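So you can see what is in the structure, the chains are spelled out below.
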Amino acid sequence: MSSQIFRSASRNARSFLSAAAAKNSRLYSVPLAEGRAVASAAAVTFSGRSSLLLSNFAKAGSENASRGWISGALALPAAVYMLQEQEVHAAEMELTFIAIKPDGVQRGLISEIISRFERKGFKLVAIKIVVPSKDFAQKHYHDLKERPFFNRLCDSFSSGPVVAMVWEGEGVIKYGRKLIGVTDPQKSEPGTIRGDLAVRRNIIHGSDGPDSAKDEINLWFKPEELVT
């Protein structure tokens, strides 16, 4: 929601700047450092009021308005927009852990699964093929150790090669889960990886939240193995 507000403010500001440029031979601007300081101080009051401020700026842009006042006023929303847009973008970019399990590897589904993530615009930043030990599998599934199927799950996960990956993108954790489908292949919707490709066994694993994504990435990869 916040990103839409500030994108709208940016478009309005650019339109107003173009109109002002047509009437004036040149525009004055405040120094970058000063603009950033002012923007930071005013970010809270500006948030949610882009329409009101831009309306006032349009009135101030008449031929009788001070050219210096216009440039100072325009510097505020533009700088605030840039700072807020950077914060929103940084918040949306995520890393998630995805693993193709032994059954998926043995059935030759690696390229099919990778291509589905790539076609959605996500970026592969780390990949390796590992045959995990049962102890390692137990560390990976430590949150399920009280479940009756825990040992069977770890035995299956450590039965052969696993393709471990880290993917990057906006909302990749949540959308990655949608792309994978629900845990039970028989209940997974057509169009999902499990719905289309899984038969009986669960062929893929994906982090279910930011905390698990961080823990799983740290378990499987060293920081220097990620190409960002």
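In this convention, every chain numbers its residues from 1, walking through the sequence in written order. Per-residue local features are limited, in this predicted model, to residues with pLDDT of at least 70; the limit for side-chain atom pairs, both in listing and counting, is 80 or more; totals at the level of whole chains, interfaces and linings are taken over all residues. Side-chain numbers come from the whole structure's heavy atoms, not from hydrogens or water.

**So, the overall build of the chain**
- In terms of helices and strands, the chain carries eleven helices and four strands.
- Remark: exposure states derive from per-residue accessible area (1.4 Å probe, protein chains only) relative to the maximum for the residue type, with buried under 20%, exposed over 50%, and partly exposed in between. The proportion of buried residues among the 228 residues of the chain is 41%.
- Counting only contacts in the chain whose residues sit at least 6 apart along the sequence, the fraction spanning at least 24 positions is 78%.
- Shrake-Rupley sampling with a 1.4 Å probe provides the accessible areas, and residues are treated as covered by the protein chains on show and by no other component. Carbon and sulfur atoms make up 53% of the accessible area of the chain, which totals about 13,400 Å². Only DSSP runs of H or I covering at least 4 residues are called helices, and only runs of E covering at least 2 are called strands; the numbering of each starts at the N terminus. Any pair of residues with heavy atoms lying within 4.5 Å of one another is described as a contacting pair.

**Some details on the UniProt feature "active site" (unreviewed entry) in the chain**
- UniProt positions are given in the numbering used here, feature names are shortened, and annotations may be inferred rather than shown by experiment. When the UniProt feature table is mapped onto this chain numbering, "active site" (unreviewed entry) sits at His 205.
- On the secondary structure map, His 205 appears in strand β4 (residues 204–206).
- With near-sequence residues (within four places) excluded, His 205 lies in contact with Phe 97, Ile 98, Ala 99, Lys 101, His 140, Tyr 141, Ile 180, Arg 194 and Glu 216.
- One polar contact links His 205 to His 140, side chain to side chain, over a distance of 3.4 Å. What qualifies as a polar contact is a pair of N or O atoms within 3.5 Å, subject to a donor-acceptor requirement within protein and to the restriction that residues adjacent in sequence count only when both atoms come from side chains.

**Points about the nonpolar core**
- Membership of the largest hydrophobic core comes to 21 residues, with the highest contact counts inside it found for Ile 113, Phe 117, Trp 167, Ile 203 and Ile 204.
- Secondary-structure elements contributing two or more residues to this core are β1 (93–100), α6 (110–119), β3 (162–170), α9 (172–180) and α10 (193–197).
- Here this core takes four residues from α9, the largest share from any one element.
- Excluding residues that lie within four positions of it along the chain, Ile 113 makes contacts with Ile 100, Ile 193, Leu 197, Ile 203 and Ile 204.
- To qualify as a nonpolar core, a set must consist of buried Ala, Val, Leu, Ile, Met, Phe, Trp, Tyr and Cys residues joined through side-chain atoms within 4.5 Å. With 18 residues, the next largest nonpolar core counts Val 125, Phe 150, Val 162 and Ala 164 among its residues.

**Things to note about the pattern of salt bridges**
- Take a side-chain nitrogen of Lys or Arg and a carboxyl oxygen of Asp or Glu: if they are within 4 Å of each other, that pair is a salt bridge. What the rule picks out here adds up to five salt bridges.
- Put simply, Arg 107 and Asp 103 hold a salt bridge, and the shortest N to O gap is 4.0 Å.
- Residue classification places Arg 107 among the partly exposed residues on the basis of a relative accessible area of 37%.
- With a shortest N-O distance of 3.0 Å, Lys 134 and Asp 155 are connected by a salt bridge. Here Lys 134 is found in helix α7 (residues 134–140), whereas its partner Asp 155 is found in helix α8 (residues 150–157), with 21 residues between them in sequence.
- Residue Lys 134 is classed as partly exposed on the basis of its relative accessible area, which comes to 31%.

**Some remarks on the packing of aromatic side chains**
- Whether two aromatic rings pair depends on their centres lying within 6.5 Å, for rings of Phe, Tyr and Trp, where Trp uses its six-membered ring; planes under 30 degrees apart make the pair stacked, over 60 edge-to-face, and the rest tilted. Scanning the entire structure with this criterion turns up seven aromatic pairs.
- A ring pair is formed by Phe 117 and Trp 167, whose centres lie 5.2 Å apart and whose planes are at 25 degrees; its orientation type is stacked. In this pair, Phe 117 is assigned in helix α6 and Trp 167 in strand β3, connecting sequence segments 50 residues apart.
- With a relative accessible area of 0%, Phe 117 lands in the buried category.

**Considering the sheet that holds strand β2 (residues 123–130)**
- Pairing is antiparallel across the open sheet formed by four strands, whose spatial order is β2-β3-β1-β4. Only two strands of the sheet have a single partner each, and these edge strands are β2 and β4. Each adjacent strand pair in this sheet contributes to an overall mean axis angle of 20 degrees, direction not counted.
- As defined by bridge partners, β1 adjoins β3 across eight bridges and the pair is classed as antiparallel. By the bridge assignment for β3, Ala 99 is matched with Ala 164.
- In the packing of α9 onto the sheet, contacts are made with β1, β3 and β4, and the angle to β1 comes to roughly 30 degrees. Pairing between two strands is assigned when DSSP locates at least 2 bridges connecting them. Axes here mean lines fitted to C-alpha atoms, for a helix over just the part in contact, with angles spanning 0 to 180 degrees between N-to-C directions.

**Concerning the side chain of Glu 216**
- Tracing the backbone shows Glu 216 in helix α11 (residues 210–220).
- In this structure Glu 216 is buried but unpaired, with Arg 177 as the nearest side chain of opposite charge at 7.6 Å.
- Ignoring any residue separated from it by four or fewer positions in sequence, one finds Glu 216 in contact with Phe 97, His 140, His 205 and Ser 207. When charges are counted, Lys and Arg are positive and Asp and Glu negative, with His and the chain ends excluded.

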